[in-house]
Amino acid sequence: MAEFDATLLSRIQFAFVIAFHIIFPAFTIGLAAWLATIEAAHFFTGRPVYRRVFDFWLRVFSIAFGMGVVTGVVMAFQFGTNWAGLAERAGSIQGPLLGYETFTAFMMEATFLGVVLFGRNRVAPWFYLLACICVSLGTLLSSFWILANNSWMQVPVGHKLVDGRIVPDDWLQIVLGQVQLVRWPHMVLACFLTTGMSVVATASWWLLRGRHRDEALVSMRWSLGLMAVLIPAQMFVGHLAGDIVHRFQPAKFAALEARFETQQPASEVLIALPDPDTGKNLYAIEIPRLGSLIASGTLDSREVGLNTFPPQDRPPVLLPFFTFRIMVGMGFVLLGIAWVGVALAWRGALERARWFQILGLICFPAGFVAVLAGWFTAEVGRQPWAIYGILRTADAVTPSLVTMDVALSLLAYVAVYGIVYSFGLTYIFRLLRDGPRDFAAPGDGTAKRPMSLAAATAPGRE
Amino acid sequence: MDHDTLILFWVAVLGFAILVYGLLDGFDLGVGMLFGLSQNGTDRDAMQAAIAPSWDGNETWLILIGTVLFGAFSEVYAVLLSALYIPVLLLLIGLIFRGVAFEFRKQSGAAMRPVWDFGFWAGSGVVAFVQGAAIGTMITGVPVVDRHYAGGSFIWLKPFPILCGIGLMAGYALLGACWLIRRGQDSLRARAFLWARRAATGMVITLGVLAALALVLRPEAAATLLERPRAMVFPALWAAVVIALFASLRSERRSAFPFLLTALSFVSAFGFLAAAFWPWMIPGAVTVADAASPESSLRFMFWGAGLFALPIIIIYTAVIYRVFRTGPVTTY
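Just so it is clear, the structure is predicted and the values come from calculations on it, not from any experiment.

Novice: An account of the overall build of chain B is requested, with residue identities and associated values reported.
Specialist: Looking only at helices and strands, one finds 13 helices and four strands in chain B. Computed over its C-alpha atoms, the radius of gyration of chain B comes to 20 Å, within 12% of the 20 Å expected for a compact globule of 332 residues. Principal-axis analysis of the C-alpha atoms places the extent of chain B at approximately 55 × 40 × 35 Å. Taking the intrachain contacts of chain B between residues at least 6 apart in sequence as the baseline, contacts between residues at least 24 apart amount to 77%.

Below, the structure is given as structure tokens:
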């Protein structure tokens, strides 16, 4: 049985603060791109509906981004407070990567966000559009550096060991290695899909209640179309990401397939209740040879099982096994929504198809669930390593750390995030429910005037 | 460019970033603390609006400091954050409540608004205090063994660091008041002058006590200073600036002078610390050379982040400050 020492508590704390953080970037990376797109459409066509859609999502963005910022600052210090072993050993690689994130991304997004939120009447329209693009670019660059950092921890490359310290040797490998070039697009696509699904769900909600018809239809057509193209791309990139795990992290691959024994040909466990103690899959539904096909693209390949690895090098099985399946499942949910939605839009039936609107509303969290599940697969599957094959998680923790202190900080984070989250989500919920309002007069920061019923149901300009 | 030059470059960037952070987020945090002293709803709205467009960018300089430490001086990053585990926790919680208050205040109803108002000023105060206490802890010494922190959880809970925390609170409040002198409308500006005079007095008294305390606690430090007479330029500059500051606070007109003079007093205080402790990064424990990352790390950061991104950051930050230079800020 695991002991609640400083290491385990630090892991729980890290999982907690990063899981509650990533929800917001996953949403705002896509939303920033969506805002820049809508602002560009408004800039070039001048249609008022784009401005209303923009103003609406901007208010949602400002809350979500604010929460992303405050929960993100916590992350920037975790490596030093709880993972000083990691920071000291690998700081010369991870530090510069995070440094680049701050220098190229954080500064840009934070500074230009001021213009986007408060500067509409102070700058020329082209500059405003530029500011929107800079915010979006900043969020994308931020994800690039974070993924570079994480990809290096998953598959360390381009380094050498000097006196027990990890020293960078080939930065091109570290920053633009093949692992990074697959995993970064995987994350960016996930963010776009998450936001796309949120936009579809919000628009469905309005249509169900017969409100904001124009804005809802514009939002839905744009994002369903985008999702329909992106989801197959994501499935392809996701397959490449799986290949990388198969090639570089065989123990993780075995864990997320719940493959306890090496098999040839390997079967695929679709669903089961893995029992790591006995090494058996209970209630398993298995398909012979599919495991070989998925892993190696042949019908008879030999696939390694967890028994190949010494017990101290094996990752946990239950979490990666289930989170991986949840992620893939959510991918198929998104695929279904996007393709059915586009078909309905093609026939001009989006507005009438109430069943689809209900479905769209229910599937609101699909993207978020997929992102979280995917990250749990990646991070838990990497255990017991902090840097795969080089530094164990147990050696990465701060040596001077006192268990009581971590227990205290974990409790504090849970309490503070609990407060901030419940109110932040309530405020976002209210904004989404009320929907776009008429052109807000400058300074009209608090009034919530839903569009009149007449305006909402009037024939649109579509 | 060799390793030593690269180290010097990154020390300079670090020093620059600490100064910029102290000045920019300093006035945000100062306005935040003064927000707690104001009971007037209109003033409170105006105070928050005066910093709303810039707080996020300003706070990002703190992250920049953190990542430059992590990347260029990872030993200092690891040791300091381990030593200051609980203060850093308080700092982050303070930053969280300060940060969400901007949006939550606008979105909440009358029932919850006092809660977010409290979070805004109390959060700002805690952040200011912790940063001062961190400086004080470094001055009093941090035990390091084998490149890791080797002390307890409450190294920061001593008179000297606590007094440093109070001193920085007064300094930030002064910066905030001077920002309001520059930006505030009539009634708010009049109050800002009052706050500025009080905060300036508080800052001078605390720094005086701290200087005396330092001489008593660390007499050997005074001896070191005698070997470095040039470091004494900074206290002299500081004294002259503070006298000019008190003079500039006697009028009641809108002016940028008090802010500039306060900024200069921060620069001279920081310059004194740097000159007195060089080449120590953590006095008595870790030098700049000990902590520096390998040459390949510093070089990689130099070409992209240092030579390319940093000047661009400075340019667009200045441009955006010009955009919001005048007039009241309206919400979207």
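Novice: Summarise the overall build of chain A; cite the residues concerned and give the values.
Specialist: Scanning chain A from N- to C-terminus turns up 15 helices and six strands. For a compact globule of 462 residues, the expected C-alpha radius of gyration is about 23 Å, and chain A comes in at 24 Å, within 12% of that figure. On the principal axes, the C-alpha backbone points of chain A span a range of 70 × 50 × 40 Å. Within chain A, residue pairs in contact and separated by at least 24 positions form 76% of the contacts whose partners lie at least 6 positions apart.

Novice: An account of the confidence of the model for chain A is needed here, citing residue identities and associated values.
Specialist: Per-chain confidence: chain A averages 86 in pLDDT, with 94% of residues scoring 70 or above. Overall, residues 439-462 of chain A carries pLDDT values under 50, and its contacts beyond four positions in sequence, including any with other chains, amount to 32 contacts.

Novice: Outline the packing of helix α2 (residues 48-81) of chain A against helix α5 (residues 85-107) of chain B, supporting the account with residue identities and numerical values.
Specialist: Direction vectors running N to C along α2 of chain A and α5 of chain B enclose 175 degrees, while the axes themselves pass 9 Å from each other. In this view, α2 of chain A runs roughly antiparallel relative to α5 of chain B, as classed from their interaxial angle. Contact with α2 of chain A, carried on its side by Ser62, Ile63, Gly66, Met67, Val69, Val70, Val73, Val74, Phe77 and Thr81 of chain A, involves Tyr85, Val88, Leu92, Leu95, Ile96, Gly99, Val100, Phe102, Glu103 and Gln107 of chain B of α5 of chain B and no other residues of that element. Within the contact of α2 of chain A with α5 of chain B, the residues separate by chemical class into 14 nonpolar, five polar and one charged.

Novice: A description of the nonpolar core should follow, citing residues and the corresponding values.
Specialist: Judged by nonpolar contacts, the single largest core of 251 residues is most densely connected at Ala177 and Ala196 of chain B. Among the elements that line this core, the one with the most residues is helix α3 (residues 84-118) of chain A, at 20 residues. Apart from residues lying up to four places away in sequence, Ala196 of chain B is in contact with Leu174, Ala177, Cys178, Ile181, Leu249 and Pro258 of chain B.

Novice: I'd like a rundown of the pairing of strand β4 (residues 280-287) of chain A, residues and numbers included.
Specialist: Residues and elements named next belong to chain A. Burial of β4 is sparse: only zero of the eight residues sit out of reach of the surface. Direction of pairing for strand β3 (residues 268-275) relative to β4: antiparallel, over a ladder of six bridges. Within the sheet, the bridge partner assigned to Asp275 lies in β4 and is Lys280. Connecting the antiparallel pair β3 and β4 is a turn made up of four residues, with Gly279 showing a positive phi of about 70 degrees.

Novice: Kindly report on the interface of chain A and chain B, identifying the contributing residues and their values.
Specialist: Each partner contributes to the interface: chain A provides 60 residues, whereas chain B provides 61 residues. For the side of chain A that touches chain B, the elements supplying multiple residues, two or more each, are α2, α3, β2 (165-168) and α14 (403-434) of chain A. It is α3 of chain A that provides the largest number of residues to the side of chain A that touches chain B, a total of 22 residues. Its residues assigned to classes, the side of chain A that touches chain B comprises 35 nonpolar, 20 polar and five charged.

Novice: Give me unusual backbone geometry: which residues, what numbers.
Specialist: All names here are of chain A. With omega at -10 degrees, the peptide bond leading from Gln264 into Pro265 counts as cis. Residue Pro384 follows Gln383 across a cis peptide bond; omega there is 5 degrees. Structurally, the position occupied by Pro384 is in the loop between α12 (366-382) and β5 (385-387). Non-glycine residue Ala258 carries a positive phi angle of around 50 degrees.

Thresholds, definitions, all that
Residues numbered from 1 in each chain as written. Chains lettered and ligands numbered in written order. Predicted model: local features only at pLDDT ≥ 70, side-chain atom pairs only at ≥ 80, totals over all residues. Helix = DSSP H or I, 4+ residues; strand = E, 2+ residues; numbered from the N terminus. Rg over C-alpha atoms; globule rule 2.2 N^0.38 Å. Contact = placed C-beta atoms within 7 Å. pLDDT = per-residue confidence, 0-100. Axes fitted to C-alpha atoms, helices over the stretch in contact; angles between N-to-C directions. Parallel < 35°, antiparallel > 145°, perpendicular 65-115°, else oblique. Nonpolar A, V, L, I, M, F, W, Y, C, P; charged D, E, K, R; others polar. Core = buried A, V, L, I, M, F, W, Y, C linked by C-beta atoms within 7 Å. Buried ≥ 20, exposed ≤ 12 C-beta atoms within 10 Å, placed from the backbone. Pairing = 2+ DSSP bridges.

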